[in-house]
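Each chain, letter by letter, is given below.
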Amino acid sequence: MTNFIKKKVEIEDDAATMTFRPGQFKREPFSLQKKNIFLLGMRASGKTTLGKALAETLKCPCVDTDALVVAEAGQSIDAIVAERGWDAFRALEEAALIKAAALPGKVVSTGGGIILSKANRDLMYSSGVSFYLAADAGLLIARMLRDPNVAQRPALTPLALHDEVAAVMSEREALYMAGMDHMLQAHRSVEELVDDVLVALGLKEWDYSEKERVLDRY
Ligand SMILES: Nc1ncnc2c1ncn2[C@@H]1O[C@H](COP(=O)(O)OP(=O)(O)O)[C@@H](O)[C@H]1O
Ligand SMILES: O=C(O)C1=C[C@@H](OP(=O)(O)O)[C@@H](O)[C@H](O)C1
Ligand SMILES: [Mg+2]
């Protein structure tokens, strides 16, 4: 190729000049030997479910930070919160993430509130690739009404479920967006989501002949 686009851009900071070279921004291929895969998102967005399926496909371990907390504490999440409060749960959750992130090579499904702590955000950023399972409030509420799992999901606020989901979403959405590397659509089937992750990581070619699925992605 002999034709180049040459364009001079005036910028205020003289030191901030940069020369573009083809291939310069090519990302390093994803390697489970070097990183973990973190799944982020609101309660009931499907992190735990996808984590298991993805780990099975990738033939690697899956760690769920909530399961680690429960095993470590010997208590369910609602018992921890009822007896010791949310701050105690968040401290256990932070310790579980440190344990999960210590070595690469696994899928880590997190609890919805993991993103609230800067230490957690920094750790996930430095040790893995993060996927955000984006969902609308209706989907989350429908799933929680179908499968309330109160031991896993005690109320986060004194609000009714609909209002709680709206309040928690508005508090966390920007954090999920800032913390993710890739976004997934939580309404898709588990099988499709596994594929989406593999495609995003460059581990699978996207099949453009599957027109309906391509359209569903956007
Ligand atoms: N992709 C999916 N499609 C349909 N239902 C799902 C999907 N992922 C999870 N679910 C269901 O939604 C509920 C919450 O899933 P879970 O994996 O526990 O979410 P999270 O870990 O994000 O709270 C469960 O009842 C689960 O069976
Ligand atoms: O959103 C949250 O603050 C929480 C989500 C739960 O995990 P899931 O997102 O897997 O339900 C669990 O960690 C805890 O009840 C707190
Ligand atoms: Mg979960």
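Residues numbered from 1 in each chain as written. Chains lettered and ligands numbered in written order. Predicted model: local features only at pLDDT ≥ 70, side-chain atom pairs only at ≥ 80, totals over all residues. Heavy atoms only, no water.

Identification of the protein chain as Shikimate kinase from Desulfomicrobium norvegicum is taken from an unreviewed UniProt entry. What UniProt records for the protein chain under Function (unreviewed entry) is the sentence "Catalyzes the specific phosphorylation of the 3-hydroxyl group of shikimic acid using ATP as a cosubstrate." Taken from UniProt, the Subunit (unreviewed entry) comment for the protein chain reads in full: "Monomer." (UniProt positions renumbered as here; feature names shortened; annotations may be inferred.)

Caption draft 1: Spotlight on the site of ligand 2. Around ligand 2 sit 16 residues, and of these Lys47, Asp66, Arg90, Gln152 and Arg172 come closest. At 2.7 Å, a side-chain N or O of lysine 47 approaches an oxygen atom of ligand 2. Arginine 172 has a polar side-chain atom sitting 2.7 Å from an oxygen atom of ligand 2. In isolation ligand 2 offers 380 Å² of accessible surface; the protein chains occlude 98% of this area. Cavity membership is defined here by more than half of the atoms lying within 2 Å of grid points; on that basis ligand 2 lies in the largest pocket. When residues in the shell around ligand 2 are grouped by element, the largest group, 4 residues, is from helix 4 (residues 86–101). Looking at the shell around ligand 2, its residues break down into 5 nonpolar, 4 polar and 7 charged. (Near = heavy atom within 4 Å. Polar contact = N/O pair within 3.5 Å; in protein donor to acceptor, adjacent residues only side chain to side chain. Areas by Shrake-Rupley, 256 points an atom, 1.4 Å probe, with all protein chains shown as cover. 1 Å grid on protein atoms, 1.4 Å probe; cavity = no way out; pocket = protein on both sides within 12 Å on 5 of 7 lines; lining within 4 Å. Sits in = over half its atoms within 2 Å of the grid points. Helix = DSSP H or I, 4+ residues; strand = E, 2+ residues; numbered from the N terminus. Nonpolar A, V, L, I, M, F, W, Y, C, P; charged D, E, K, R; others polar.)

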